[in-house]
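The residues making up each chain are set out below.
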Amino acid sequence: AHGANMVYVDSAADLPAAFARVSSAQEAPIIQEYLPGGLRCNYYVTVGRDGELISMLTPRVTRTHRVGYKVGSKSSVSASTGPCVELGLWGGYTSQTQIDPRDGRPKLLEINARFGHHLWWRTGLGVNEPRICLQLARSEKPSGTFQFPDGVLLLDPGHDLIVLVDK
């Protein structure tokens, strides 16, 4: 969870020992290919009960912060385009990907069936995803703004303040 208990191995021969070490702290560890670079691309979507895409924000990351193996986006530019895959889920969720520098394509890291960390970005851009999901849960027709404006600079002021004070 949140990049904790992660181990990097250089070869398949190192996997058994690393797996044993991590499985003592995490019951069911996941083995995942390491992608160099760390450029992330998240897809924040809200989907109706009928599977129709209601809203999507795909911020283009302009600045990241690396802590160990975890790379978080700290500033982005809003964009409302990107690939869409039907998952059979309704409500708000986040698909997290990392851009593979070897081919430039996003590779799936995880899907979070919740609003996610940058909900305040999306709400600040005028799309009230919690209200939309509440309307969906009540079997009501969603109302409000569904389109995000493109080209808005999105910052992480809390992180920026910490970095400023640290320097």
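Just above sits the structure.
Here the structure is a predicted model, which is why all the values come from computation and not from measurement.

Novice: Can you walk me through the overall build of the protein in this structure?
Specialist: When its secondary structure is counted, the protein shows four helices and seven strands. Its helices and strands in sequence order give the protein the pattern α-β-β-β-β-β-β-α-α-β-α, from N to C terminus. The 167 residues of the protein split such that 35% are buried. Considering only intrachain contacts with a sequence separation of at least 6, the fraction spanning at least 24 residues in the protein is 53%. As displayed, the protein has an accessible area near 10,400 Å², and 56% of this comes from carbon and sulfur atoms.

Novice: Which parts of the structure should I look at to understand the nonpolar core?
Specialist: Among soluble globular proteins, nonpolar side chains are generally buried collectively. Residues Tyr44, Ile54, Leu57, Trp121, Leu125, Val127, Ile132, Leu136, Phe148 and Leu154 constitute the largest nonpolar core, which totals 10 residues. Mapped onto this core, the elements with two or more residues apiece are β2 (53-57) and α3 (129-137). In this structure, Val127 is in contact with Ser55, Arg122, Ile132, Thr145, Phe146, Gln147 and Phe148, ignoring residues within four places of it in sequence. In this structure, Cys41, Val45, Val47 and Ile99 belong to the second largest nonpolar core, which totals seven residues.

Novice: Is there a simple way to think about the packing of aromatic side chains in this case?
Specialist: Each aromatic ring pair is specified by the distance between its two centres and by the angle formed by the two planes. Scanning the model with the defined rule gives one aromatic pair in all. Taking 6.1 Å as the distance between ring centres and 55° as the angle between the ring planes, the aromatic pair formed by Trp120 and Trp121 counts as tilted. The class of Trp121 is buried, set by a relative accessible area of 3%. Its end group placed over the ring of Trp90, Arg49 keeps NZ or CZ at 4.2 Å from the ring centre.

Novice: Please explain the pairing of β2 as it appears in this structure.
Specialist: Regular strands show a simple pattern: their side chains alternate between the two faces of the sheet. Taking burial as the measure, the five residues of β2 include four buried ones, the bulk of the element. Note: strand β1 (residues 40-47) against β2, four bridges, orientation antiparallel. Within the sheet, the bridge partner assigned to Val45 lies in β2 and is Met56.

Novice: Can you help me understand the environment of Val7 in this one?
Specialist: Considering the arrangement of structural elements, one finds Val7 in the segment before α1 (15-23). Looking at Val7, the relative accessible area reads 32%, which means it is partly exposed.

Novice: What am I meant to see in the side chain of Asn112 here?
Specialist: Locating Asn112 in the fold gives a position in strand β6 (residues 105-112). A distance of 3.4 Å separates polar atoms of two side chains, one belonging to Asn112 and the other to Glu110. Asn112 has contacts with Tyr93, Thr94 and Gln96, leaving out every residue within four places of it along the chain.

Novice: Is there a simple way to explain the sheet that holds β2 in this structure?
Specialist: Taken in spatial order, the four strands of this open sheet run β2-β1-β5-β6, and their pairing is antiparallel. Because the sheet does not close on itself, it has two edges, and the strands there are β2 and β6. Taking the axes of each pair of neighbouring strands and ignoring which way they run, one obtains an average angle of 25° across the sheet. This element, α3, spans β1, β2 and β5 (91-100) of the sheet and lies at about 40° to β1.

Calculation notes
- Each chain has its residues counted from 1, following the order in which its sequence is written.
- A pLDDT threshold of at least 70 governs which residues receive local features in this predicted model, and a stricter bar of 80 or more applies before side-chain atom pairs are shown or counted, although totals over entire chains, interfaces and linings include all residues.
- Just so you know, side-chain values use all the structure's heavy atoms and leave hydrogens and water out.
- Secondary structure is summarised from DSSP: a helix means a run of H or I of at least four residues, a strand means a run of E of at least two, and numbering begins at the N terminus for each.
- Relative accessible area decides the class of each residue, using a 1.4 Å probe on protein chains only: under 20% of the type maximum gives buried, over 50% gives exposed, and in between gives partly exposed.
- We call two residues in contact when some of their heavy atoms are within 4.5 Å.
- Residue burial considers only the protein chains on display, and all accessible areas are found by Shrake-Rupley using a 1.4 Å probe.
- We call a set of buried Ala, Val, Leu, Ile, Met, Phe, Trp, Tyr and Cys residues a nonpolar core when their side-chain atoms join them within 4.5 Å.
- Each aromatic pair joins two rings of Phe, Tyr and Trp (for Trp, the six-membered one) with centres within 6.5 Å, and gets the label stacked for planes under 30 degrees apart, edge-to-face for over 60, and tilted for any other angle.
- Counted as over-ring charges are cases with an Arg CZ or a Lys NZ within 6 Å of the ring centre that also lie within 35 degrees of the ring normal.
- At least two bridges found by DSSP between two strands is the condition for calling them paired.
- Polar contacts, as counted here, are pairs of nitrogen or oxygen atoms within 3.5 Å of one another; within protein the pair requires one atom able to donate a hydrogen and one able to accept it, and residues that are adjacent in sequence qualify only if both atoms are side-chain atoms.
- For every element, the axis is a line fit to its C-alpha atoms; helices are fit only across the contacting stretch, and the angle between N-to-C directions ranges from 0 to 180 degrees.

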